[in-house]
Amino acid sequence: MKKGIHREMAFQVIQDDAATAPSEFLLYGVAKPEWKKDLPTKIRWLKDWMDMPDDSRHGSKTRNDHSYKLRRTGKRFSLEFGRGKGEQSTVVARLKYSARDLREWKVEEEYRVCALELAKSIHWVIDFSSPAHTVAGWPDKLHAKAESDFDRLWRELYKPAEIVFGRRQLVKDVYRWAKGFIESRYDRNLGLLEAYQRGESIRDAALQGTAREVIRDVAQNLADYLAYCDRTLSFDKTLGPLKRSLGIED
């Protein structure tokens, strides 16, 4: 997905998540008090952190740390890796490493680093929820077109009332959760690729249902990941130590 979903939609889900209430923890974590930044600046910086894993090299080309590109032969899935050197760790592995780092930084009482790592890791949740990042065979132009379409339409497709927040016990293992989700959506996402190959688009009425499902999945996965991280970090209990580490009195 592109900036609209990585930045604007992600922040909207964070704001809508009253069950785990991650927004205050994240916003305090992105700026030290001596920088004297106002709330709009902190919001912009949080969005920057969530979009940080994208850079000038990222686009429609297969890049393993943003992708988990599957092909299915019979009942078996296989992963397709990019042809470049390095970057052999998939987006699912990157998310697993981030979740591990969150636990370790909390033990070290590095609460601001926890907040920054959490903000950055949100990027991986959105990418593993994206059809173009999880099915092999998307040509560059169609990948870019599909993600641009979602970026333009997410506001009308996102319905916060459809998202279940606070499911703290749902995710047991981040790697298995993400991998299982990707495999479970393979048929739908392959169908979306085939539709784009025929010249169709999620802007067409026939694909509106699929488009809504994708956006709901992105939001629900983010909500479930935040709930999992709340189980690790306890946002309400960690906010105080975070503020004190920044020299802010409760």
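These lines cover the structure that appears in this document, whether it is placed above or below. (Residues numbered from 1 in each chain as written. Predicted model: local features only at pLDDT ≥ 70, side-chain atom pairs only at ≥ 80, totals over all residues. Heavy atoms only, no water.)

**A closer look at the overall build of the chain**
Scanning the chain from N- to C-terminus turns up ten helices and two strands. The secondary structure elements of the chain, listed N-terminal to C-terminal, are α-α-α-β-β-α-α-α-α-α-α-α. Sorting the 250 residues of the chain into buried and exposed places 53% on the buried side. Here the contacts in the chain between residues at least 6 apart in sequence split such that 78% fall between residues at least 24 apart. (Helix = DSSP H or I, 4+ residues; strand = E, 2+ residues; numbered from the N terminus. Buried < 20%, exposed > 50% of the residue type's maximum accessible area, 1.4 Å probe, protein only. Contact = heavy atoms within 4.5 Å.)

**Details of the pattern of salt bridges**
Per the stated rule, a full pass over the model turns up 19 salt bridges. When the shortest N-O distance is used, the salt bridge between Asp149 and Lys145 registers 3.5 Å. Of this pair, Asp149 and Lys145 are both found in helix H6 (residues 140-157), four residues apart, which corresponds to roughly one turn of the helix. Asp149 sits in the buried class, given a relative accessible area of 0%. Connected through salt bridges with shared partners, the residues Lys145, Asp149, Arg152 and Arg203 form a single ionic network. (Salt bridge = Lys/Arg side-chain N within 4 Å of Asp/Glu carboxyl O.)

**A look at helix H3 (residues 39-51)**
Between its terminal C-alpha atoms H3 stretches 18 Å, which fits the 18 Å expected from 13 residues at 1.5 Å a residue. Of the surrounding elements, those touching the buried residues of H3 are helix H1 (3-16), helix H2 (23-29) and helix H5 (111-128). (Expected span 1.5 Å × (residues − 1).)

**Observations concerning a negative patch on the surface**
On the surface, Glu104, Glu108, Glu109 and Glu110 cluster together into a patch of negative charge. Mapped onto the elements of the fold, Glu110 is located in the loop between helix H4 (91-107) and H5. Judged by relative accessible area, Glu110 falls into the partly exposed class, the value being 38%. (Patch = residues over 30% accessible without salt bridge, like charges linked within 9 Å, V, L, I, M, F, W, Y side chains within 5 Å. Areas by Shrake-Rupley, 256 points an atom, 1.4 Å probe, with all protein chains shown as cover. Lys, Arg positive; Asp, Glu negative; His and termini not counted. Charge placed at Lys NZ, Arg CZ, Asp CG, Glu CD.)

**Overview of the packing of aromatic side chains**
Where two aromatic rings form a pair, the distance of their centres and the angle of their planes describe that pair. What the rule picks out here adds up to six aromatic pairs. Centroid distance Phe77 to Tyr186: 5.3 Å. Interplanar angle 70°. Geometry classified as edge-to-face. Of the two residues, Phe77 sits in strand E2 (residues 76-79) while Tyr186 sits in helix H8 (residues 186-197), which places them 109 residues apart along the sequence. The partly exposed category is assigned to Phe77, whose relative accessible area is 29%. In this structure Tyr186 comes out as buried when scored by relative accessible area, which is 7%. By way of ring pairs, the aromatic residues Phe128, Trp177 and Phe181 are connected into one cluster. A cation over a ring is seen here: Lys96 above Tyr175, with NZ or CZ 5.6 Å from the ring centre. (Phe/Tyr/Trp six-rings, centres within 6.5 Å; stacked < 30°, edge-to-face > 60°. Lys NZ or Arg CZ within 6 Å of the ring centre and 35° of its normal.)

**Section: the nonpolar core**
Core analysis: the largest hydrophobic core is formed by 73 residues, its most contacted members being Met9, Leu95, Leu118, Phe128, Trp138 and Tyr158. If you tally residues by element for this core, the top one is helix H9 (residues 208-233), at twelve residues. In contact with Phe128, other than residues within four places in its own chain, are Val91, Leu95, Thr134, Trp177, Ala178, Phe181, Ile182 and Asn221. (Core = buried A, V, L, I, M, F, W, Y, C linked by side-chain atoms within 4.5 Å.)

**Side note on the packing of H1 against H9**
Contact geometry for H1 and H9: axes closest at 10 Å, N-to-C directions at 60°. Put simply, H1 runs oblique to H9. Crossing angle aside, the handedness with which H1 passes H9 is right-handed. Only Ile215, Val218, Ala219, Leu222, Ala223 and Leu226 of H9 make contact with H1, whose side of the interface consists of Ile5, Met9, Ala10, Val13 and Ile14. (Axes fitted to C-alpha atoms, helices over the stretch in contact; angles between N-to-C directions. Parallel < 35°, antiparallel > 145°, perpendicular 65-115°, else oblique. Left-handed = near helix turned anticlockwise from the far one by under 90°.)

**Thoughts on the pairing of E2**
Looking at chain direction, strand E1 (residues 70-73) and E2 are connected through four bridges and run antiparallel. Its bridge partner lying in E2, Leu70 is registered against Leu79. (Pairing = 2+ DSSP bridges.)

**Here we look at the environment of Lys37**
Tracing the backbone shows Lys37 in the loop between H2 and H3. Setting aside chain neighbours within four positions, we find Lys37 in contact with Lys42 and Trp45.

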